[in-house]
Amino acid sequence: SLVIVALIFLVFVVGARIIIPERTVLPYAYPLAAVGLLVATLFGLEAGIIISILISLLVPYGMPNALDLMPYFLFSSLTGVLVLGAARRVWTFFRAGMGVAIAGIITLAAFRLPVVEMDGLAMLQLAGASAFSGLASSSIALLMQYFLAQALGLTTALQLIEISRPDFPLLQFFLRSAPGTYQHSLQVANLAEQAAERIGADALLTRVGALYHDAGKTMDPIFFIENQVPGNLNPHNDLDPAASAETIIQHVSDGFKLAQQYHLPRRVQDFIAEHHGTTLTGYFYKRAQNAAGEGNPPPDPERFRYPGPRPHSKETAIVMLADACEAAVRSARPAKAEETAELVGKIIAERLVMPAAPADPVA
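Now for a quick tour of the structure. (Residues numbered from 1 in each chain as written. Predicted model: local features only at pLDDT ≥ 70, side-chain atom pairs only at ≥ 80, totals over all residues. Heavy atoms only, no water.)

### With respect to the overall build of the protein
1) Next: Helix and strand counts for the protein come out as 16 helices and 0 strands.
2) Next: Its C-alpha atoms put the protein at 100 × 40 × 40 Å along the principal axes.
3) Next: For the protein, the proportion of its 363 residues judged to be buried stands at 45%.
4) Next: Intrachain contacts of the protein at a sequence separation of at least 6 include 74% that bridge at least 24 residues.
5) Next: For the protein, the computed accessible surface area is about 18700 Å², with 63% contributed by carbon and sulfur atoms.
6) Next: Placing the 25 positive and 30 negative side-chain charges of the protein at their respective mean positions leaves the two points 2 Å apart. (Helix = DSSP H or I, 4+ residues; strand = E, 2+ residues; numbered from the N terminus. Buried < 20%, exposed > 50% of the residue type's maximum accessible area, 1.4 Å probe, protein only. Contact = heavy atoms within 4.5 Å. Areas by Shrake-Rupley, 256 points an atom, 1.4 Å probe, with all protein chains shown as cover. Lys, Arg positive; Asp, Glu negative; His and termini not counted. Charge placed at Lys NZ, Arg CZ, Asp CG, Glu CD.)

Here it is, written out as structure tokens:
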């Protein structure tokens with residue numbers, strides 16, 4: 001990612017140093033603000049502001065009209081990044097482009113008109129160049145962020161908004177195949193999003209990751225209690241506990257395959273792989289212990305353990321806790337707030353001492 005940012009930075013700097021010298025109007029049409037918009041989209045608002053300041057100071061350095069170009073590039077680029085914000089809609093890119101154009105025109109009026117005599121045509125040309133710069137900057141940033149996000153495995157707000165739409169194919173498949181799990185995922189998403197906001201994590205990423213964390217259950221929905229019709233036979237009644245655990249654990253790898261098939265961002269795939277960490281399928285492990293009886297060798301806990309890895313980010317850790325707490329409270333139905341708090345505290349304590357998988361980098 002750093003190499004790509006450096007290359008983009010250098011391409012725009014070299015391009016500017018080739019195009020701008022000895023030209024009157026073209027420098028003000030150069031879409032330098034695209035760099036700040038692109039970096040802000042991929043790496044956050046702070047990174048976009050820093051890159052905008054650096055490139056706006058570097059490009060006009062040593063040029064005869066540096067005192068005109070430096071404030072022009074600086075103010076228009078910073079305005080564009082600030083207007084863009086979180087970049088959650090395509091419209092925000094064009095709004096940012098309008099911000100670049102307006103800021104550029106105002107800067108030209110403030111720094112050029114008082115010292116240079118211009119006729120109406122010259123003023124109109126400069127205003128048109130500034131408008132072109134804003135439109136070109138927003139268009140370049142919008143196109144490049146899509147391709148770079150795919151190539152680098154980054155996750156942008158636009159991607160997250162797109163895959164969280166109810167008409168996204170995988171969500172439609174999820175809703176139709178495992179409606180109970182889908183409702184569970186919505187509840188987990190609501191809980192996790194609020195938790196992420198409270199601790200300053202990425203709330204949008206957390207919500208979208210929670211929506212997809214159990215997508216693998218769509219492959220065998222009847223084996224999960226939230227999809228079973230009351231009164232019907234539970235298929236686990238006829239299965240060995242180890243076989244039941246294997247079926248339950250399989251939903252993690254199934255979900256990962258679905259995520260790759262539908263081209264979900266890598267950060268979203270992490271939620272599928274990490275939301276159980278290396279915990280045990282406790283219910284079936286206890287069944288196996290009871291079935292073994294006294295005096296017999298205890299069952300191997302590794303046969304009942306999720307493969308991991310443990311969560312590697314605040315966002316995936318939040319979803320792990322929200323998932324476990326929602327399922328436990330829905331099953332136990334505690335009557336008092338104190339009982340709910342006790343149950344949630346117990347779940348969190350268990351996750352804090354979760355063992356590491358052999359290949360878990362956290363270990």
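Once you've had a look at it, read on.
### Topic: the side chain of aspartate 323
1) Next: By the element assignment, aspartate 323 lies in helix 15 (residues 314-332).
2) Next: Separated by 2.7 Å, the side chains of aspartate 323 and histidine 184 make a polar contact. (Polar contact = N/O pair within 3.5 Å; in protein donor to acceptor, adjacent residues only side chain to side chain.)

### A closer look at the environment of phenylalanine 174
1) Next: Inspection of the secondary structure puts phenylalanine 174 in helix 9 (residues 169-177).
2) Next: For phenylalanine 174, a relative accessible area of 0% corresponds to the buried category.
3) Next: Sequence separation of phenylalanine 174 and leucine 124 is 50 residues, and the distance between their C-alpha atoms is 55 Å.
4) Next: Leaving out residues up to four positions away in the same chain, phenylalanine 174 has contacts with Pro179, Thr181, Tyr182, Ser185, Leu211, Asp214, Ala215 and Thr218.

### What to know about the nonpolar core
1) Next: One finds Phe12, Ile55 and Val59 to be the most contacted residues of the largest nonpolar core, which totals 39 residues.
2) Next: Among the elements of the structure, helix 1 (2-19), helix 2 (26-29), helix 3 (33-43), helix 4 (45-58), helix 5 (66-84), helix 6 (90-111) and helix 7 (120-152) are those that each provide at least two residues to this core.
3) Next: Examining the composition of this core, we find that 7 residues originate from one element, helix 3, more than from any other.
4) Next: Excluding anything up to four places from it in sequence, phenylalanine 12 contacts Tyr30, Pro31, Leu32, Ala34, Val35, Ile55 and Ile140.
5) Next: The next biggest cluster of nonpolar side chains, apart from the first, holds 30 residues, and it includes Val188, Ala201, Leu258 and Ile272. (Core = buried A, V, L, I, M, F, W, Y, C linked by side-chain atoms within 4.5 Å.)

### Here's the deal with the pattern of salt bridges
1) Next: Per the stated rule, a full pass over the model turns up 8 salt bridges.
2) Next: Close ionic contact of glutamate 226 with lysine 217 constitutes a salt bridge, the shortest N to O distance being 3.0 Å.
3) Next: Using a relative accessible area of 19% as the deciding quantity, one classes glutamate 226 as buried.
4) Next: Salt bridges sharing common partners tie together Asp214, Lys217 and Glu226. (Salt bridge = Lys/Arg side-chain N within 4 Å of Asp/Glu carboxyl O.)

### Section: the layout of surface pockets
1) Next: Within this model, the largest pocket holds a volume of roughly 1500 Å³.
2) Next: Lining the largest pocket are 44 residues, with Leu280, Thr281, Gly282, Tyr283 and Ala327 sitting closest to its centre.
3) Next: Only helix 12 (241-261), helix 14 (282-292), helix 15 and helix 16 (337-352) provide two or more residues apiece to the lining of the largest pocket.
4) Next: Ranked by residues supplied to the lining of the largest pocket, first place goes to helix 15 with 8 residues.
5) Next: For the lining of the largest pocket, a count of residues per class yields 19 nonpolar, 14 polar and 11 charged.
6) Next: Within this model, the second largest pocket holds a volume of roughly 470 Å³.
7) Next: Along its surface, the second largest pocket is lined by 20 residues, and Thr41, Gly44, Thr155, Ala157 and Asp202 are the ones closest to its centre. (1 Å grid on protein atoms, 1.4 Å probe; cavity = no way out; pocket = protein on both sides within 12 Å on 5 of 7 lines; lining within 4 Å. Points joined across faces, edges and corners; volume = space filled by probe spheres on them. Nonpolar A, V, L, I, M, F, W, Y, C, P; charged D, E, K, R; others polar.)

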